[in-house]
Amino acid sequence: MSALLRQIPANIPQDIRKIRIENSHLTELPRGSFENVSALEYLWLNFNNITVMHIKSLEYLPALQELRLQGNKLSSVPWTAFQDTPTLKILDLKHNRLDVLPEHALRYLPNLTYLDLSSNQLTIISRDVFYNWPVYQRSQRTEGQIEAISNAVLALHDNPWICDCRLRGFVQFIKSVGPPIILMNSYLTCSSPKFRTGKFFHEVELNSCMKPLTSALDTNLTVPAGLNITLTCFVQASPSPAVWWTYALKLLRAFNVTTEPISEETVRSELLIPAARPTDAGNYTCTAANFLGNTSVAINLRVVAPWASTTPRGWAPIAPAEPGAHVEVRIAKQTVYGITLEWFAAAAAAAEPGETWYTLLVGRYDAAQKDTIYIGPGVNTYSVTDLLPATKYEVCVAVRNQAPRKGQCVVFVTGSDVSQMEQREKLIHIVVIVCAMVLAVPAGMYACTAEALPGCLARCPRACPRRRRGGQAQAAGSKESTLDSIPAGSEDGLCRPEDVHSTRRPPAREEPGKTRPPHRNSADLY
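Anyway, here's the lowdown on the structure attached to this text. Chains are numbered independently. Their residues run from 1 in the order of the written sequence. Local features in this predicted model are restricted to residues whose pLDDT is 70 or higher, and side-chain atom pairs enter the listing and the counts only when it is 80 or higher, whereas totals over whole chains, interfaces and linings include all residues. Each side-chain value is derived from all of the structure's non-hydrogen atoms; neither hydrogens nor water enter the calculation.

### Some points on helix α2 (residues 134–141)
Think of an α-helix as 3.6 residues a turn; residues three or four steps apart then line up on the same face.
Thought 1: Note on exposure labels: buried denotes an accessible area under 20% of the residue type's maximum, exposed denotes more than 50%, and partly exposed covers the range between, all computed with a 1.4 Å probe on protein chains only. The secondary structure listing takes helices from DSSP runs of H or I that are at least 4 residues long and strands from runs of E that are at least 2 residues long, numbered from the N terminus. Of the residues making up α2, those classed as buried are Pro134, Val135, Tyr136 and Ser139.
Thought 2: Here a residue-residue contact requires only that any non-hydrogen atoms of the pair lie within 4.5 Å. Of the surrounding elements, those touching the buried residues of α2 are α1 (128–131), β8 (152–155), α3 (168–176) and β10 (181–183).

### Quick notes on the sheet that holds strand β26 (residues 392–399)
Thought 1: Pairing within the open sheet is antiparallel, and its 4 strands lie in the order β24-β23-β26-β27. The open sheet terminates on both sides in strands that have one partner only, identified here as β24 (371–375) and β27 (409–413). Sheet twist, expressed as the average angle between the axes of neighbouring strands with direction ignored, equals 20°.
Thought 2: Strands pair, by our definition, only if DSSP identifies at least two bridges between them. As judged from the 5 bridges shared by β26 and β27, these two strands associate in the antiparallel manner. Residue pairing across strands places Cys396 opposite Cys409, the latter belonging to β27. Helix axes use the C-alpha atoms of the stretch in contact, all axes being lines fitted to C-alpha atoms, and the angles between their N-to-C directions lie in the range 0 to 180 degrees.

### What about the state of the cysteines?
Thought 1: In plain terms, two cysteine sulfur atoms within 2.5 Å form what is called a disulfide here. Applying the stated criterion across every chain yields a total of 4 disulfides.
Thought 2: Note that Cys163 is cross-linked by a disulfide to Cys190, the S-S spacing being 1.9 Å. Residues Cys163 and Cys190 are joined by a disulfide whose S-S torsion is about -95°; by sign, that bridge is left-handed. Here Cys163 is found in the loop between β9 (161–162) and α3, whereas its partner Cys190 is found in strand β11 (residues 190–192), with 27 residues between them in sequence. Each member of the pair Cys163 and Cys190 is classed as buried.
Thought 3: With a sulfur-sulfur separation of 2.0 Å, Cys165 is cross-linked through a disulfide to Cys209. The sign of the 100° torsion about the S-S bond sets the Cys165-Cys209 disulfide as right-handed. In this pair, Cys165 is assigned in the loop between β9 and α3 and Cys209 in the loop between β11 and β12 (210–215), connecting sequence segments 44 residues apart.

### Let's talk about the environment of Pro78
Thought 1: Here Pro78 lies in the loop between β5 (66–68) and β6 (90–92).
Thought 2: Measuring from C-alpha to C-alpha, the distance between Pro78 and Lys56 comes to 8.8 Å, with 22 residues separating the pair along the chain.
Thought 3: Beyond its immediate stretch of four places on either side in the chain, Pro78 contacts Met53, His54 and Ile55.

### As for the pairing of strand β18 (residues 266–273)
Thought 1: With 8 bridges connecting them, strand β14 (residues 229–238) and β18 associate as antiparallel partners. What sits directly across from Thr232, in β18, is Glu270.

### Comments concerning the sheet that holds strand β19 (residues 282–290)
Thought 1: Read across the open sheet, the 5 strands follow the order β13-β20-β19-β15-β16; overall the sheet is mixed. Every other strand in the sheet has two partners, leaving β13 (220–224) and β16 (250–251) as the edge strands with one partner each.
Thought 2: Pairing of β13 with strand β20 (residues 293–304), which is carried by 5 bridges, proceeds in the parallel orientation. Counterpart to Leu221 in the pairing with β20 is Leu301.

### Some thoughts on unusual backbone geometry
Thought 1: Cis geometry is found at the peptide bond from Pro179 to Pro180, where omega equals 15°.
Thought 2: Relative to the helices and strands, Pro180 resides in the loop between α3 and β10.
Thought 3: Residue Pro193 is reached from Ser192 by a cis peptide bond, and omega for that bond is -5°.
Thought 4: Along the chain, Pro193 falls in the loop between β11 and β12.
Thought 5: If you check the backbone angles, Ser119 has positive phi at about 55° while not being a glycine.
Thought 6: For Ser119, the position within the fold is in the loop between β7 (114–116) and α1.
Thought 7: A relative accessible area of 18% means that Ser119 is categorised as buried.

Structure follows, in structure tokens:
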């Protein structure tokens, strides 16, 4: 008990009659696990981690009478392994993971008096499993005869039984079974389908299985564009079928499909097509399948515009315009290959915004006909993409079936390419920066420069020729200038040739008694 054994010990004495290894770490029963203990009668291997049982794991155990494998992890059992244990009377397999019981499972257990298959994962069992059991066959042969037959206890409770047509034969067996076969718990309950969950076997009447039969109320539908369309098909089948929809050989998304039972053998499947467009027209196929086969029904859908699909040049009215039904349109965003429109319906059109439909007419400016797009209620924005670059387009928005009015159309030109738009944006940035720099220069700088430059240029032609003729600089006399901060010597420097080397004149001495003119600040010039 609770030993850290990972395999059956090999040194078990040959005369051992009972082995009990529980709460250990056994994971499998390999071939010939007990070949040296042929006298073994009781084998208890409860609450281990056994997941695999070899078909010859019980070889050399002809005297085995009791095998307990409770609380392991067996998902299947090699039932033919019991050919090596003809005297087995007790087989305990509860609290495992068995989900299948083949028809020959009990064929090699002729002397069984206790079989526990409770608390497993059994969902469907054929009645032939028990019809092939030698214990049941003996009870049928000796019915009405005085012959002692040992009772056989059968435990099948606490399994997730699916009570549909596939379990019909087994339910009939449970209802009719009697001694010598005794049910440990005769109140077997259904786990599914939902409308039978929790019901006892003796409360349900199951019908025979049936291949799916699909039908539709209308296989040809014509609907206006923009409406939400629901396609419906009905399926009669047993057991409940799997239902799916296809369009143009493509499986449609499951979140648009709802399937629910409306009776014991009938289900309804609905496919939702939101805001149907002309491109949604075609054949929609509803297919149902169960283990007996599959059938399908096709529904042809035709989507038509509630008014004309195109408008000729000049936007001729399609229907009389409703007074006050005006739509204000603007471009919210523009890219190289498209635009995003926003609109607002005023006056009568906005009276019932939840029921107002819109029509978008999109096309090249010079095109005689425009493409039509229908927009459902509650939507006031739309993006037009995949347009040609460097092309003039016109987009109009109208309410319902009205013709667009003045102000409800937008004319725009797409860009030639992305680089052109980027260059245009860079140029705009440069112009803005230059303008900001120019505006930041004080106005006084312009005045100073404008007055000083003409004075200098006027004296240079008179001074420069005298220098070339005389060979030496002549005093220019007293020079008056508006800007006394610019020395007169600077004018000589402007006119002096580069190849003439002249000595700098010493600064003039101030005459005694002569007053120096007061210094004027540059601010006084203004």
